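# Overview (structure and organization)
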Amino acid sequence: MLKPRVQVRQRQRPPLHLLPLGGCGEIGMNLTLYGYQDHWIAVDCGMMIRQDLPEGPLQVPDTESLASLGICPEMLVITHGHEDHIGAVAWLWPKWRCPIIATPLAAGLLRAKFAERELETSSLQIIEVDEGFESGPFALRLLPLTHSIPESCSLLIVTPEYRVMHTGDWKLDPEPLIGEPTDPERYQALAPVDLVVGDSTNAPLPGHSRSEGEVARALEKTLAGCRGRVVVTCFASNLARILALGRAAARNGRRVTLLGRSMERMVRVARGLGYLEDFPPLVPVKDLGYLPPEEVMVIATGSQGEPRAALSRLANSRHPDFELAAGDTVIFSSKAIPGNELAIGKLHNALTRLGVGIMEEKQFPDLHASGHPAQEELRTFYGWLKPTRLLPVHGEYRHQLAHTQVAQSLGIEAPLIPVNGDVIRLDAQGLSVEKRLTLQERIIEHDKVRPLDSMDRRARARLGRHGSVSLALPLTLQEAGWVRIGRLMLDVSGTARLDEDSFAEWLDDTLAGLETTDIDTVKQQLNSRINRWLRNHLRHEPVLFLHVMTMGDLFFGGRPRRFGWSLTRSSTERPASIIASRISASLRSLAISSSRRCSSSSAFCSMTSLMTSESLCSCSMDNWRAAARATFLLRAIFSRDSAVILLPPPCGRNWNPMRDTIVDWMLQQSISLN
Ligand SMILES: [Zn+2]
Ligand SMILES: [Zn+2]
């Protein structure tokens, strides 16, 4: 019998695949996939802000082609908590639903993002640095490496054949303020590695990045020389800088206030984890006015000129509680990210117009330190790791190119400058590109990930309109432009949750940017812009009821006059009929109090009769509660020849039928006219 011939063949080493979907050729939205024998893991999942597009939408990596390639990551590992590394997780991860591994700070920040999107967080797994973990054939380990946010890590990826060091973002900081300096021995012990996938951001720069400790000393010295109030702007995530500023303020007899939601969130999460322990107590922004100027220091977001951030609002005198004045100083403890120069220039102009002094990195380089390695650090680090090959990521082409040159000067192979979508193969022959996926630009619109080129009207029209948003907008024209008065009077029904804070911020910016004094033009322009904002921020496009009114009419004899009423707790316990009659009386007396407003009184009488009618009293809820809600719900503002009834959000589900009745009635009566 013929025996099958035994073939003795050298065993083929299975290749390791790398697939960067973001962060190559750009700074922002990092996402790299690693595949080995049909198992895939993802490292980081970031976003970037498209300042070049109207409204500055978020862009996230295009992961659409993964499914057709049979790729679904079995694990997502996060190197650190910066937006360009975690910002897209809440958008892209729901398709994968795999475990997410992160250190406590990054996990805390992710948890806040998941809560905003109502995602469950059970897949988030907190891991301490240096603890090994596994996914399929991958043995993994997060190693501490200094950067500009605590708990930054590199990731060691080991398969039976390859050892890869994915650096994440890093620098070698001998004095990081928070956490320990990088330990050379930890990395020397790993040498030699087969491949480094490394941060290219500062590869064109000779020398060594500045330490956070140095910046802290410079800031303290600078602060000592400032007279009036001081605002320092830096990246919200740079906790070491924020800590340095807190300490410098305390030593200079200044109290600290934080401005900007992202900064407040970052500090809250960090404090919860025990960071910033010696940070001085914060002064609420509302109390700043009580402090002498030389005792004030504000740390604000907005160093990149973002129009919605705290610093832009201050520069344009649009902050409700705090105003900058001549003699104050704004310190930029940050660097301009390429592409933001124009916006930052505008910010400088606005500040200069106020007579505010500006100190920035260009003249005072020691006020900021980059979080990325310059050439000397690259040489030191690669000296420890002794990599055979380099794949330069995290940077634009020129950064990647400079990175390959540094590597080659050290005898490290660097044959490729990867582009997003490159399916890269590492095998015995080294690195090669197997194919290039065609990627689309994907942005967040309508609370969903969408291709950028789909932003056309027809596509939007097809989505249809859902729900309604009623907005009553009392405005006044001031020297600086249109300004909103009072709190936001917004009534949302049958549509997705709306973030009132960010809407209000956006609205204020939009109003300030309107270049017309004509109220009809204001209405027209607002209508289309609010519609656009709603389309971009809600899952559906709601029907908008916009009631704009100028408040000049409300000022009688130069004195603002307030209308309105409220019920004390005890009075809410009276029967509905009594309360309703009180409302009725209030309305009548208000309507009659100025003879010029008689034309409106009939409208108010109709309104009151509606209030006292069966429809209210026969509500299924307790009568007194219905009536109490009615009183809080309705605020009548009288003007010379019209009336506007503002409907704040309903207090409870039961109120909706009544509110709808009122809205219908208002529309019938054309009450909501200016
Ligand atoms: Zn980064
Ligand atoms: Zn970073």
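Scroll up a little and you will see the structure.
Residues numbered from 1 in each chain as written. Chains lettered and ligands numbered in written order. Predicted model: local features only at pLDDT ≥ 70, side-chain atom pairs only at ≥ 80, totals over all residues. Heavy atoms only, no water.

On to the packing of aromatic side chains, then. Following the criterion strictly, the structure yields 10 aromatic pairs and no others. On the basis of an interplanar angle of 65° and a centroid distance of 6.5 Å, the ring pair of Y36 and F138 is categorised as edge-to-face. Within this pair, whereas Y36 is found in strand 2 (residues 31-36), its partner F138 is found in strand 10 (residues 138-144), the two being separated by 102 residues in sequence. In this pair, the class of Y36 matches that of F138, namely buried. (Phe/Tyr/Trp six-rings, centres within 6.5 Å; stacked < 30°, edge-to-face > 60°. Helix = DSSP H or I, 4+ residues; strand = E, 2+ residues; numbered from the N terminus. Buried < 20%, exposed > 50% of the residue type's maximum accessible area, 1.4 Å probe, protein only.)

This paragraph deals with helix 10 (residues 341-353). Here helix 10 is 13 residues long and its end C-alpha atoms lie 18 Å apart, about the 18 Å a rise of 1.5 Å per residue gives. By the burial criterion, the buried members of helix 10 are I344, L347, H348, A350 and L351. An end-on view of helix 10 places all buried positions within 165° of arc, on one side of the element. Opposite its buried face, helix 10 presents the exposed residues L342, K346 and R353, each directed more than 90 degrees away. Looking at the buried residues of helix 10, the elements they touch are helix 9 (310-315), strand 17 (329-332) and strand 18 (357-359). In the stretch just after helix 10, G355 is the one whose phi turns positive, near 85°. (Expected span 1.5 Å × (residues − 1). Arc of directions from axis to C-beta. Contact = heavy atoms within 4.5 Å.)

Quick look at the pattern of salt bridges now. Proximity of charged atoms lets side chains of opposite charge pair with each other. One pass over the structure, following the stated rule, counts 23 salt bridges. Among the ionic pairs, R241 bridges to E212, the shortest N-O distance being 2.8 Å. Of this pair, R241 sits in helix 7 (residues 239-251) while E212 sits in helix 6 (residues 212-224), placing them 29 residues apart in sequence. E212 shares its class with R241; the two are buried. With a shortest N-O distance of 3.3 Å, R398 and E396 are connected by a salt bridge. What emerges from the salt-bridge pattern is a single network uniting R313, R318, D508 and D509. (Salt bridge = Lys/Arg side-chain N within 4 Å of Asp/Glu carboxyl O.)

With that out of the way, let us pick up the coordination of the zinc ion (ligand 1). Each protein donor to the zinc ion (ligand 1) is listed here as D84 (OD), H85 (NE2), D169 (OD) and H394 (NE2); together their distances run 2.0 to 2.2 Å. The site at the zinc ion (ligand 1) holds four donor atoms, and with the angles between them running 89 to 159°, its shape is irregular. Within one chain, the residues donating to the zinc ion (ligand 1) are spaced in sequence as D-H-x83-D-x224-H. Taken as a pair, the zinc ion (ligand 1) and the zinc ion (ligand 2) lie 3.5 Å from each other and share D169 as a ligand. With D84 in helix 2 (residues 83-86) and D169 in the loop between strand 12 (163-166) and helix 5 (184-188), this residue pair connects regions lying 85 residues apart in the sequence. Residue D84 is classed as buried on the basis of its relative accessible area of 16%. (Donors = N, O, S within 2.8 Å, 3.2 Å for Na, K, Ca; no water. Tetrahedral: all angles 85-135°; square planar, octahedral: opposite > 155°, others 65-115°.)

The zinc ion (ligand 2) binds to the protein through H80 (NE2), H82 (ND1), H147 (NE2) and D169 (OD); the donor distances cover 2.1 to 2.3 Å. Mapped onto the sequence, the residues coordinating the zinc ion (ligand 2) show the spacing H-x1-H-x64-H-x21-D.

Turning to the packing of helix 6 against helix 7, a few remarks are in order. The geometry of helix 6 relative to helix 7 is characterised by a closest axis approach of 9 Å and an angle of 35° between their N-to-C directions. In the packing of helix 6 onto helix 7, the handedness of the crossing is right-handed. Between helix 6, through E212, V215, A216, L219, E220 and L223, and helix 7, the contact on the second element is made entirely by A240, R241, A244, L245, A248, A249 and R251. Taken together, the residues of the contact of helix 6 with helix 7 break down into nine nonpolar, no polar and four charged. (Axes fitted to C-alpha atoms, helices over the stretch in contact; angles between N-to-C directions. Left-handed = near helix turned anticlockwise from the far one by under 90°. Nonpolar A, V, L, I, M, F, W, Y, C, P; charged D, E, K, R; others polar.)

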